[in-house]
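# Observations on the three-dimensional arrangement
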Amino acid sequence: MPTVERTFTVHAPIEKIGPYLADFANAEAWDPGTKTCTPLDGQPVQVGSRWKNVSEFMGRETELEYRLERWEPDHLTLVGENKTVTSTDDISLRAVDATSTEITYHVDFDFHGVATLAGPLLKPALEKLGSDTEEKMTEVLATL
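Keep in mind the model is a prediction, meaning the values are calculated, not measured.

### Points about the layout of surface pockets
There is about 740 Å³ of room inside the largest pocket. Phe57, Thr62, Leu64, Val85 and Phe111 are, among the 31 residues lining the largest pocket, the residues nearest its centre. Listed by contribution, the elements that provide at least two residues to the lining of the largest pocket are β3 (50-57), β4 (60-72), β6 (85-97), β7 (100-111), α3 (115-118) and α4 (123-141). Among the elements that make up the lining of the largest pocket, the one with the highest residue count is β4 (five residues).

Now the structure itself:
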């Protein structure tokens, strides 16, 4: 099961980052692979909320249904699934000071069926996506 993890600091307070990331529709702004991310069950965002996410990875479009599994002030988990993969995005937040937050962004990719064979081969592309996500997330969160 390939994993990607990045730890980085952003110039935004933890109180703004948690709610922003918990609303996965915002992935359109901070996730370079996301083309669209549409809420499936209305607001307010809460544990159990779901989104239809359309992403592009390695030139192919894929659709996953994400749900917010965990949301605490310093930790959230989103799980996206389709017939090929389950993606678990685990995000930990730590206030550095009143205006900065350290983010640990950890993603597990659990491939299913025949896609299991491709999992290890995708590691370089997943690592690049992790770096691109860190860069874009840092940029976007600084505007909160």
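### Describing the side chain of Thr34
Mapped onto the elements, Thr34 comes out in strand β2 (residues 34-39). Of the polar contacts made by the side chain of Thr34, one reaches the side chain of Asp31; its length is 2.9 Å. In this structure the side chain of Thr34 is engaged in a polar contact, spanning 3.3 Å, whose partner is the side chain of Asn53. With residues near it in sequence (within four places) discarded, Thr34 still touches Ala27, Glu28, Asn53, Val54 and Ser55.

### Some thoughts on the packing of aromatic side chains
Under the criterion given, the structure shown has five aromatic pairs. Note on Phe24 and Trp30: the rings are 6.0 Å apart at their centroids and 70 degrees apart in plane angle, and the pair reads as edge-to-face. Residue Trp30 is classed as buried on the basis of its relative accessible area of 0%. Between Phe24 and Tyr66, the aromatic rings sit 4.4 Å apart at their centres with planes inclined by 40 degrees, giving tilted as the arrangement. Of this pair, Phe24 sits in the loop between α1 (14-22) and α2 (27-30) while Tyr66 sits in strand β4; the two residues are 42 residues apart in sequence, bridging distant segments of the chain. This pair shows no difference in class: Phe24 is buried, exactly as Tyr66 is. Every member of this aromatic cluster is reached through a ring pair, and the members are Phe24, Trp30, Trp51, Tyr66 and Tyr105.

Definitions and cut-offs
- Every residue gets a number counted from 1 within its own chain, in the order that chain's sequence is written.
- Owing to the predicted nature of the model, reporting of local features is limited to residues with pLDDT of at least 70; listing and counting of side-chain atom pairs is limited to 80 or more, with chain, interface and lining totals taken over all residues.
- Working from all heavy atoms in the structure, the side-chain values ignore hydrogens and water.
- Definitions used throughout: a 1 Å grid over protein atoms alone; a cavity as a set of points that fits a 1.4 Å probe which cannot get out; a pocket as an open set with protein on both sides within 12 Å along at least five of seven lines; a lining residue as one with an atom within 4 Å of a point.
- Grid points are joined across faces, edges and corners, and a volume is the space filled by probe spheres set on the points.
- Helix and strand assignments follow DSSP, with helices taken as H or I runs no shorter than four residues and strands as E runs no shorter than two, numbered in order from the N terminus.
- Polar contact is the term for a pair of N or O atoms within 3.5 Å; when the atoms are in protein, one must be able to donate a hydrogen and the other to accept it, and sequence-neighboring residues count only if both atoms are side-chain atoms.
- Here, two residues are considered to be in contact whenever any of their heavy atoms come within 4.5 Å of each other.
- Aromatic contacts are taken between Phe, Tyr and Trp rings whose centres are within 6.5 Å, Trp giving its six-membered ring; a plane angle under 30 degrees counts as stacked, one over 60 as edge-to-face, and the others as tilted.
- Whether a residue is buried, partly exposed or exposed follows from its accessible area with a 1.4 Å probe, protein chains only, as a fraction of its type maximum: under 20%, in between, or over 50%, in that order.

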